[in-house]
Amino acid sequence: MNNISKNIDYRPDIDGLRGIAVIAVILNHLNPKILPSGYLGVDIFFVISGFVITSSLKKRQFENFKDFITGFYGRRIKRLFPALIFFVFISSLLIMMVVHDPRIYLKTGISSLFGLSNFYLILQSTNYFALETLLNPFTHTWSLAVEEQFYFIYPLIIWLSGFAKNLKNSTKYLTRTLLCLSFISFISFIYFYRTNLTLGYFLMPTRFWEMSTGGLLFLSTLRNNYFIKTISQINPILPLLLIFGILFLPTNLGILGTPLIIIFSSTLILSLKKSTLTFKLLTNKNTLIIGLMSYSLYL
């Protein structure tokens, strides 16, 4: 934590938001009746992921594509895989001790190590909201698979736009590309969420818009236009309260709750200022500790 805080660009409020998101997910898994839409904390993670990745790439200098891509994946592997491997190994041992036929569970766990657990769950026609889904201790790794698949596409978009090399107009090109892809992804999400919930929920293409929204958020901060000025004037307590309200929506309103949680999370990130009570709440010592441990807690 101390090492992170030395970075002048570090935003502790985003770690605080991670803390709120992971608490929402945990409460939902413990008892969905407590926080019916607490699973939407994962969608908050997606926005944060896109924001932080884009921000970190902007601050780095790359000599060539090899330097860029190896550095990118090296950091992702170092951050994600040690904890994931430990979790899958220990959980698999425990499952084999207590479950008579653990094959589906173990295959889900193994597929998560390759960033493919969402595809395996789709092949099993898994309904995320079904009671039996809660019995699979690896179901939640679907979101890690979605992120890992996003990581295969996003760096290429970043590089081809010229953003990684700080080329002229690269921010404009990247913004337009992400807006176009986000629109297609969002339409796909709406379509599949209505016609095939399993595909709409688990596929990376139907979730791309959530992570790219985070990227667009960061890009918007590079241009101090009227939109950003307007959003920054909003009292951040308002989007935070709206986020809490959405988490209490019934599960069957997920098609509405998902876009709303993305909108209000984005608004919160853009409107947060150090002088506000909301910033102080999110950077509270306990909230920060939970936020910094959010990945491990999620696993």
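Everything that follows concerns the structure shown earlier in this document.
Residues numbered from 1 in each chain as written. Predicted model: local features only at pLDDT ≥ 70, side-chain atom pairs only at ≥ 80, totals over all residues. Heavy atoms only, no water.

Comments concerning the pattern of salt bridges
It is possible for side chains bearing opposite charge to pair when their charged atoms get close. According to the stated counting rule, one finds five salt bridges in the structure shown. Between D13 and R11 there is a salt bridge whose closest N-O contact spans 2.6 Å. Accessibility expressed as a relative area gives 25% for R11, which makes it partly exposed. For D15, the salt bridge is made with R18, and the minimal N-O distance between the two is 2.6 Å. Taken together, the residues D15 and R18, both in helix α2 (residues 12–30) and three residues apart, mark about one turn of the helix. (Salt bridge = Lys/Arg side-chain N within 4 Å of Asp/Glu carboxyl O. Buried < 20%, exposed > 50% of the residue type's maximum accessible area, 1.4 Å probe, protein only. Helix = DSSP H or I, 4+ residues; strand = E, 2+ residues; numbered from the N terminus.)

Some words on the environment of I23
Within the secondary structure, I23 is located in helix α2. By relative accessible area, which is 38% here, I23 ends up partly exposed. Sequence separation between I23 and L297 is 274 residues; the distance between their C-alpha atoms is 8.8 Å.

Here we look at the nonpolar core
Counting 79 residues, the largest nonpolar core has F68, L84, W142, I158, L178 and I261 as its most contacted members. Excluding its chain neighbours within four sequence positions, the residues that come into contact with F68 are L57, F62, P155, I158, W159 and A164. (Core = buried A, V, L, I, M, F, W, Y, C linked by side-chain atoms within 4.5 Å. Contact = heavy atoms within 4.5 Å.)

Some words on the side chain of D13
Its place among the elements puts D13 in helix α2. Apart from the residues lying within four places of it in its own chain, the contact partners of D13 are L272, F279, L282 and T283.

Section: the packing of aromatic side chains
Within the structure shown, the criterion is met by 25 aromatic pairs. Aromatic side chains Y39 and Y201 sit 6.3 Å apart centroid to centroid with 45° between the ring planes, which places their arrangement in the tilted category. Here Y201 lies in helix α9 (residues 197–202) and Y39 lies in the loop between α2 and α3 (41–58), a separation of 162 residues in the sequence. For the pair Y128 and W142, a centre-to-centre distance of 6.3 Å together with 70° between the ring planes defines the contact as edge-to-face. (Phe/Tyr/Trp six-rings, centres within 6.5 Å; stacked < 30°, edge-to-face > 60°.)

Some remarks on helix α7 (residues 142–160)
End to end, α7 covers 28 Å across 19 residues, agreeing with the expected 27 Å (1.5 Å per residue, within 8%). Of all the bends in α7, the greatest, near 30°, is centred on Y151, and the proline P155 appears no more than four residues after it. After α7 finishes, the residue G162 shows a positive phi value of roughly 90°. (Expected span 1.5 Å × (residues − 1). Bend = angle between axes of the 7 residues up to and from the residue.)

Observations concerning a nonpolar patch on the surface
Taken together, the side chains of I23, I26, L27, L30, I34, I289, M293 and L297 make up a nonpolar region of the molecular surface, amounting to roughly 640 Å² of accessible area. If you tally residues by element for the nonpolar patch, the top one is α2, at four residues. Inspection of the secondary structure assignment puts L30 in helix α2. (Patch = residues over 30% accessible without salt bridge, like charges linked within 9 Å, V, L, I, M, F, W, Y side chains within 5 Å. Areas by Shrake-Rupley, 256 points an atom, 1.4 Å probe, with all protein chains shown as cover.)

Here's the deal with the layout of surface pockets
Within this model, the largest pocket holds a volume of roughly 1300 Å³. Together, 35 residues line the largest pocket, and D15, R18, V52, R76 and R79 are the ones closest to its centre. Among the elements of the structure, α2, α3, α4 (65–98), α7, α15 (285–292) and α16 (294–298) are those that each provide at least two residues to the lining of the largest pocket. Sort the elements by how many residues they give to the lining of the largest pocket and α3 lands first, with 10 residues. Here the residues of the lining of the largest pocket are counted per class, giving 17 nonpolar, seven polar and 11 charged. (1 Å grid on protein atoms, 1.4 Å probe; cavity = no way out; pocket = protein on both sides within 12 Å on 5 of 7 lines; lining within 4 Å. Points joined across faces, edges and corners; volume = space filled by probe spheres on them. Nonpolar A, V, L, I, M, F, W, Y, C, P; charged D, E, K, R; others polar.)

Structural notes on unusual backbone geometry
Negative phi is the rule for most residues except glycine; trans is the rule for most peptide bonds. Phi is positive for N166, which is not a glycine, with a value near 55°. By the element assignment, N166 lies in the loop between α7 and α8 (170–195). N166 gets classed as partly exposed once you look at its relative accessible area, which sits at 30%. A positive phi angle, near 65°, is found at N169, a position not held by glycine.

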